[in-house]
Amino acid sequence: MINLNLRILLMIVGVLVFWFTLKFVSEDVLPVKYSLFWLLSAILIFLVGAVPEFIGCLTTLVGFETTSNLVVGVILFILLIISLILTIIVSKQKKQIILLIQEVSLLKKKNMNDMTKK
């Protein structure tokens, strides 16, 4: 069972993560499609604090012996997901940068050709 201070801290952290995520989305710092993961994480953190039996039931349901092992496993899983998402984003941006460089090079070449004809 989670003690009261930890429960309150988890609920505060959940609300803060949720609030900051919404703030970053409203200020156009964080795109909506990337904010969904953080919003779901904030809700999960809040639920763990508000309903500690939830994590206990989840621990036994998944088959972990202790709650701490489940928490570490979930954190590692989340970090792997974040790493995968960031790798996909970087790959897409790399392709976009290459395309942009090619387009700019073609425009420069065309501009140079137009200038030499005059």
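Here the structure is a predicted model, which is why all the values come from computation and not from measurement.

S.K.: In this structure, what is going on with the packing of helix α1 (residues 4–26) against helix α2 (residues 32–50)? I would like to understand it.
M.R.: The axes of two packed helices give the description: the angle between them and the distance between them. Running from N to C, α1 and α2 cross one another at 165°; their axes reach a closest spacing of 7 Å. Here α1 lies roughly antiparallel to α2, going by the angle between them. As for the relative orientation of α1 and α2, their crossing is left-handed in sense. When α1 is examined against α2, the residues Arg-7, Leu-10, Met-11, Val-13, Gly-14, Val-15, Val-17, Phe-18, Thr-21, Leu-22 and Val-25 are found in contact with a partner set consisting of Val-32, Ser-35, Trp-38, Leu-39, Ala-42, Ile-43, Ile-45, Phe-46, Val-48, Gly-49 and Ala-50. Counted by class, the contact of α1 with α2 contains 17 nonpolar, four polar and one charged residues.

S.K.: Please explain the side chain of Ser-35 as it appears in this structure.
M.R.: Following the sequence through the fold, Ser-35 ends up in helix α2. With a relative accessible area of 2%, Ser-35 lands in the buried category. Among the polar contacts listed, one links the side chain of Ser-35 to the backbone oxygen of Val-32, at a separation of 2.7 Å. Excluding residues that lie within four positions of it along the chain, Ser-35 makes contacts with Thr-21, Val-25 and Leu-30.

S.K.: For this particular structure, what's the right way to read the layout of surface pockets?
M.R.: Taking a probe equal in size to a water molecule and rolling it over the atoms shows the remaining empty space. Its volume calculated, the largest pocket comes out at about 480 Å³. Along the walls of the largest pocket sit 17 residues, with Leu-44, Ile-45, Val-74, Ile-75 and Ile-78 positioned nearest its centre. Elements with a contribution of two residues or more to the lining of the largest pocket: α1, α2, α3 (52–62) and α4 (67–117). In terms of residue count, the dominant contributor to the lining of the largest pocket is α4 (seven residues). A per-class count over the lining of the largest pocket returns 15 nonpolar, two polar and no charged. Computed from the structure, the second largest pocket encloses a volume of approximately 220 Å³. Lining the second largest pocket are Leu-30, Lys-33, Tyr-34, Leu-36, Phe-37, Trp-38, Ile-82, Ile-85, Leu-86 and Ile-89. At the level of secondary structure, the elements contributing two or more residues to the lining of the second largest pocket comprise α2 and α4. Broken down by element, the residue count for the lining of the second largest pocket peaks at five residues, all from α2. In terms of residue class, the lining of the second largest pocket is built from nine nonpolar, no polar and one charged.

About the cut-offs
- Residues numbered from 1 in each chain as written.
- Predicted model: local features only at pLDDT ≥ 70, side-chain atom pairs only at ≥ 80, totals over all residues.
- Heavy atoms only, no water.
- Axes fitted to C-alpha atoms, helices over the stretch in contact; angles between N-to-C directions.
- Helix = DSSP H or I, 4+ residues; strand = E, 2+ residues; numbered from the N terminus.
- Parallel < 35°, antiparallel > 145°, perpendicular 65-115°, else oblique.
- Left-handed = near helix turned anticlockwise from the far one by under 90°.
- Contact = heavy atoms within 4.5 Å.
- Nonpolar A, V, L, I, M, F, W, Y, C, P; charged D, E, K, R; others polar.
- Buried < 20%, exposed > 50% of the residue type's maximum accessible area, 1.4 Å probe, protein only.
- Polar contact = N/O pair within 3.5 Å; in protein donor to acceptor, adjacent residues only side chain to side chain.
- 1 Å grid on protein atoms, 1.4 Å probe; cavity = no way out; pocket = protein on both sides within 12 Å on 5 of 7 lines; lining within 4 Å.
- Points joined across faces, edges and corners; volume = space filled by probe spheres on them.

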